[in-house]
Amino acid sequence: MEIMIILVIVLLLFGAKRIPEIAGSLGKGINEFKRNINDAQRQITEPAPRTEQRIAQPAPAAAEAAEERPEPKRLLQ
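Residues numbered from 1 in each chain as written. Predicted model: local features only at pLDDT ≥ 70, side-chain atom pairs only at ≥ 80, totals over all residues. Heavy atoms only, no water.

Visitor: How would you sum up the packing of helix α1 (residues 2-14) against helix α2 (residues 18-45)? Please name residues and give values.
Guide: α2 packs onto α1 with a crossing angle of 105° between their chain directions and a minimal axis gap of 9 Å. By the criterion of interaxial angle, the relationship of α1 to α2 is roughly perpendicular. In this structure, α1 contributes V10, L11 and F14 to the contact, and α2 contributes R18, I19 and I22. Its residues assigned to classes, the contact of α1 with α2 shows 5 nonpolar, no polar and 1 charged. (Axes fitted to C-alpha atoms, helices over the stretch in contact; angles between N-to-C directions. Helix = DSSP H or I, 4+ residues; strand = E, 2+ residues; numbered from the N terminus. Parallel < 35°, antiparallel > 145°, perpendicular 65-115°, else oblique. Contact = heavy atoms within 4.5 Å. Nonpolar A, V, L, I, M, F, W, Y, C, P; charged D, E, K, R; others polar.)

Visitor: Pulling in residues and values, what's your account of a nonpolar patch on the surface?
Guide: A cluster of nonpolar side chains, namely M1, I5, I9, L13, F14 and I22, defines an oily patch on the protein surface of about 640 Å² accessible area. Positionally, F14 belongs in helix α1. Residue classification places F14 among the partly exposed positions, given a relative accessible area of 44%. (Patch = residues over 30% accessible without salt bridge, like charges linked within 9 Å, V, L, I, M, F, W, Y side chains within 5 Å. Areas by Shrake-Rupley, 256 points an atom, 1.4 Å probe, with all protein chains shown as cover. Salt bridge = Lys/Arg side-chain N within 4 Å of Asp/Glu carboxyl O. Buried < 20%, exposed > 50% of the residue type's maximum accessible area, 1.4 Å probe, protein only.)

In structure tokens, the structure reads:
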């Protein structure tokens, strides 16, 4: 009985045309939520791909160019 009262109130508030749109939006939202939960669980359970971290070594030309730069002028002395 309580469910019937709630359904009648929803029908009066939103109208007959609006209820299918609301239900469709609610269904899409639930599906997206489930998909995001599954993606998060998959990321937690699967091992992370191994990536090699390479330490960037400055190129010899770049190191020489850095040494040839003049000292910046100081505005306050």
